[in-house]
Amino acid sequence: MEIKTYRLQQHGDERGHLVSLEEKIDVPFEIKRVYYMFDTRPGVVRGMHAHKSLEQLLVCVHGSVKILLDDGEEKRTVVLDNPYEGLYVANNMWREMSEFTEGAVLMVFASKYYDEDDYIRDYDEFLRFVGKKQV
Ligand code: TYD
């Protein structure tokens, strides 16, 4: 399973740093939505779902967070711990976010508007959806 991370271009000078993301240039899809998670309580695991068609780019803009990706066959984990690395999460990918450090902010760029019908929240249903489990 291929993990795609993007090293986001930093525009730094003696004043500090800035990262700019432009759709289809720095983010490999049209951005329809941006949201971010913050104040995540210790020990909490978020996500635990897959999307049928949504693509996302995850950037931990402050602190660090562990991301588990699972395509139904293989699982990989990635730690996002800097604001200049983006993790691409394709559709049909089960994801879990855990180990948020205190004050961590996880920003998500998404290719579609929020649509509950695009979610698969049951792991067995996900395995059936990606053809890794018989009905
Ligand atoms: P949820 O999907 O449970 O978050 P995660 O799976 O990343 O842990 O979302 C939490 C709540 O926020 C849920 O009531 C749906 C709502 N929500 C929106 O209204 N718009 C959004 O773009 C997202 C991601 C969630």
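Report follows, based on the coordinates.

Definitions and cut-offs
- Residues numbered from 1 in each chain as written.
- Predicted model: local features only at pLDDT ≥ 70, side-chain atom pairs only at ≥ 80, totals over all residues.
- Heavy atoms only, no water.
- Near = heavy atom within 4 Å.
- Polar contact = N/O pair within 3.5 Å; in protein donor to acceptor, adjacent residues only side chain to side chain.
- Helix = DSSP H or I, 4+ residues; strand = E, 2+ residues; numbered from the N terminus.
- Nonpolar A, V, L, I, M, F, W, Y, C, P; charged D, E, K, R; others polar.
- Phe/Tyr/Trp six-rings, centres within 6.5 Å; stacked < 30°, edge-to-face > 60°.
- Buried < 20%, exposed > 50% of the residue type's maximum accessible area, 1.4 Å probe, protein only.
- Salt bridge = Lys/Arg side-chain N within 4 Å of Asp/Glu carboxyl O.
- Pairing = 2+ DSSP bridges.
- Core = buried A, V, L, I, M, F, W, Y, C linked by side-chain atoms within 4.5 Å.
- Contact = heavy atoms within 4.5 Å.

**What to know about the site of the ligand**
Arg 33, Tyr 35, Met 37, Arg 46, Gly 47, His 49, Tyr 114, Tyr 119 and Arg 121 make up every residue found near the ligand. Arg 46 is positioned such that a nitrogen or oxygen atom in its side chain is 2.8 Å from an oxygen atom of the ligand. Here an oxygen atom of the ligand sits 3.3 Å away from a polar atom, N or O, in the side chain of Arg 121. Mapped by element, the contributors of at least two residues to the shell around the ligand are strand 2 (33–37) and strand 3 (46–51). Split into classes, the residues belonging to the shell around the ligand amount to four nonpolar, two polar and three charged.

**Brief notes about the packing of aromatic side chains**
For any pair of aromatic rings, geometry is given as the distance between the ring centres together with the angle between the planes. Applying the stated criterion across every chain yields a total of six aromatic pairs. With 6.5 Å between their ring centres and 40° between their planes, Phe 29 and Tyr 88 make a pair best called tilted. Placement of the pair is Phe 29 in the loop between strand 1 (4–7) and strand 2 and Tyr 88 in strand 7 (residues 85–89), with a sequence separation of 59 residues. On the accessibility criterion, Tyr 88 (14% relative accessible area) is buried. Centroid distance Trp 94 to Tyr 123: 5.1 Å. Interplanar angle 85°. Geometry classified as edge-to-face. In this pair, Trp 94 sits in strand 8 (residues 94–98) while Tyr 123 sits in helix 1 (residues 123–129), placing the two residues 29 residues apart along the sequence. Taken together, the ring pairs connect Trp 94, Tyr 123 and Phe 126 into an aromatic cluster.

**Side note on the pattern of salt bridges**
Counting across every chain of the model gives eight salt bridges. Measuring nitrogen to oxygen at the nearest pair gives 2.6 Å for the salt bridge that ties Asp 13 to Arg 15. Owing to a relative accessible area of 32%, Asp 13 belongs among the partly exposed residues under this scheme. With a shortest N-O distance of 3.5 Å, Glu 30 and Lys 24 are connected by a salt bridge. Judged by relative accessible area, which is 38%, Glu 30 ranks as partly exposed. You can call Lys 24 exposed: its relative accessible area is 57%.

**Comments concerning the sheet that holds strand 6 (residues 75–80)**
One open sheet accounts for five strands, arranged 6-5-8-3-10; its pairing is antiparallel. Here the strands that pair on one side only, and so sit at the sheet edges, are strand 6 and strand 10 (119–120). Of the strand pairs in this sheet, strand 3 and strand 10 are connected by two bridges, and their pairing is antiparallel. Note on strand 10: the bridge partner recorded for Ala 50 is Ile 120.

**Considerations on the nonpolar core**
Within the largest apolar cluster, 16 residues are counted, with the highest numbers of intra-cluster contacts made by Leu 58, Val 65, Ile 67, Leu 80, Leu 87 and Leu 106. The set of elements that each furnish at least two residues to this core consists of strand 4 (56–62), strand 5 (65–70), strand 6, strand 7 and strand 9 (105–110). Ranked by the residues each element gives to this core, the list is headed by strand 5, at three residues. Discounting residues that sit within four places of it in the chain, Leu 106 has contacts with Tyr 35, Tyr 36, Met 37, Leu 58, Val 59, Cys 60, Val 65, Ile 67, Leu 80, Met 97 and Phe 100. In terms of nonpolar packing, the next biggest core, distinct from the first, is built from nine residues, Val 27, Ala 90, Met 107 and Phe 109 among them.

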